[in-house]
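These are the residues of each chain, in order.
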Amino acid sequence: KTSPHIPYLKQCLSLAEQSPPRPTNFRVGAVLLSRKDNDPTFTDDRILSTGYTMELAGNTHAEQCCFSNYAAVHKVPDDQVGEVLPVEPGRKLIMYVTMEPCGKRLSGNAPCVQRITQTTEGGREGIHKVYFGVKEPGTFVGESEGCRMLTEAGIEWEHVGGLERDILTVAFAGHENAAEEVTTALGERETNVDDI
Ligand SMILES: Nc1nc(=O)c(N)c(NC[C@H](O)[C@H](O)[C@H](O)COP(=O)(O)O)[nH]1
Ligand SMILES: [Zn+2]
């Protein structure tokens, strides 16, 4: 019995495959949706937006594009996306990403955890929980801070196992020694039973 989150991570993976390969980042895909409380089979999910790395001009991240696409549809600047996300009693905003949202970016651009956290400002619930398929490998920033920063902001997160190799293979595609980096990244995480 596979986790009901897997189909969404597979949708994110398909998005990530559209990202132009670069040695300077990872190819990631993100989906933003609204989910009804107590709906265990997600029958009433509503997809709000999608995004993938470098979908939009410049050095853009998947989560960043996901928010930016939604903001554009609602005719607000990116930093006001929190004001146009739906606030519906009995529903929560959920984000799926193939990779843990970044807490730091070598380029110095705003990290995605900051963009996610911004949606909870102004007394709005904003993003309730983030599901991701792999933690960020150490390639660029070493020990990733994304999860810790989400927790600090009171935003729930959960790693959904099972697709690590696929996600990392897509993420690293533009890198010099992609195969070795995938193997290393797979080794980085403690292998536990349900991931084998
Ligand atoms: N979650 C996530 N989604 C993405 O779309 C993406 N590209 C990354 N990548 C994280 C990695 O840490 C940064 O790509 C490097 O730190 C380089 O930073 P820039 O991307 O140039 O700002 N992470
Ligand atoms: Zn990011």
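None of these values were measured; they are calculated from a predicted model. (Residues numbered from 1 in each chain as written. Chains lettered and ligands numbered in written order. Predicted model: local features only at pLDDT ≥ 70, side-chain atom pairs only at ≥ 80, totals over all residues. Heavy atoms only, no water.)

How should I be thinking about the packing of aromatic side chains in this particular structure?
Each pair of aromatic rings is reported with the distance of its centres and the angle of its planes. If you walk through the whole model with that rule in mind, you get five aromatic pairs. Residues Tyr96 and Tyr131 carry aromatic rings whose centres are separated by 5.0 Å and whose planes lie at 15° to one another, so their mutual orientation is stacked. A residue pair is termed long-range when its members are at least 10 positions apart, and Tyr96 in strand β3 (residues 91-99) and Tyr131 in strand β4 (residues 127-134) qualify at 35 residues. When its relative accessible area of 8% is taken as the criterion, Tyr131 is described as buried. Of the aromatic side chains, those joined through ring pairs into one cluster are Tyr8, Tyr96 and Tyr131. The ring of Phe42 has Arg35 lying over it, and the distance from NZ or CZ to the ring centre is 3.3 Å. (Phe/Tyr/Trp six-rings, centres within 6.5 Å; stacked < 30°, edge-to-face > 60°. Helix = DSSP H or I, 4+ residues; strand = E, 2+ residues; numbered from the N terminus. Buried < 20%, exposed > 50% of the residue type's maximum accessible area, 1.4 Å probe, protein only. Lys NZ or Arg CZ within 6 Å of the ring centre and 35° of its normal.)

Sorry if this is basic, but what is going on with the pattern of salt bridges here?
When their charged atoms lie close together, side chains carrying opposite charge are able to pair. In total, this model carries 10 salt bridges according to the counting rule given. The salt bridge partner of Lys129 is Glu156, with a shortest N-O separation of 4.0 Å. Note that Lys129 is positioned in strand β4 and Glu156 in strand β5 (residues 156-159), a separation of 27 residues in sequence. Assessed through its relative accessible area of 12%, Lys129 is described here as buried. Put simply, Asp44, Arg46, Glu88 and Arg91 are held in one network by salt bridges that share partners. (Salt bridge = Lys/Arg side-chain N within 4 Å of Asp/Glu carboxyl O.)

I'm lost on helix α1 (residues 6-16) in this one. Help?
Residues separated by three or four positions in an α-helix point in the same direction, a consequence of the helix having 3.6 residues per turn. Of all the positions in α1, only Ile6, Tyr8, Leu9, Cys12, Leu13, Leu15 and Ala16 are classed as buried. Close packing links the buried residues of α1 with β1 (29-36), β2 (46-52), β3, β4 and α6 (164-171). (Contact = heavy atoms within 4.5 Å.)

Looking at this structure, how should I read α6?
Every buried residue of α6 is accounted for by Glu164, Ile167, Leu168, Val170 and Ala171. Mapping the buried residues of α6 onto a view down its axis gives an arc of 160°, with all of them on the same face. Close packing links the buried residues of α6 with α1, β3, β4, β5 and α7 (178-188). (Arc of directions from axis to C-beta.)

How should I be thinking about the site of ligand 1 in this particular structure?
The full set close to ligand 1 counts 19 residues, and Asn59, His61, Arg105, Ser107 and Glu136 are the nearest of them. With respect to ligand 1, the backbone of Ala62 contributes an N or O atom lying 2.9 Å from an oxygen atom. At a separation of 2.5 Å, an oxygen atom of ligand 1 approaches a polar side-chain atom of Glu136. Relative to its unbound accessible area of 500 Å², ligand 1 is 97% covered by the protein chains. (Near = heavy atom within 4 Å. Polar contact = N/O pair within 3.5 Å; in protein donor to acceptor, adjacent residues only side chain to side chain. Areas by Shrake-Rupley, 256 points an atom, 1.4 Å probe, with all protein chains shown as cover.)

How should I be thinking about the packing of α6 against α7 in this particular structure?
In a packed pair of helices, the relevant descriptors are the angle between the two axes and the axis-to-axis distance. Look at α6 against α7: their axes get within 9 Å of each other, and the N-to-C directions meet at 140°. Between α6 and α7, the angle falls in the class oblique. α7 is crossed by α6, and the crossing has right-handed handedness. Side by side, α6 and α7 meet where Glu164, Arg165, Leu168 and Thr169 of the first sit next to Val182, Ala185 and Leu186 of the second. Broken down by class, the residue content of the contact of α6 with α7 amounts to four nonpolar, one polar and two charged. (Axes fitted to C-alpha atoms, helices over the stretch in contact; angles between N-to-C directions. Parallel < 35°, antiparallel > 145°, perpendicular 65-115°, else oblique. Left-handed = near helix turned anticlockwise from the far one by under 90°. Nonpolar A, V, L, I, M, F, W, Y, C, P; charged D, E, K, R; others polar.)

Without other data, these values stay purely geometric and don't point to any function.
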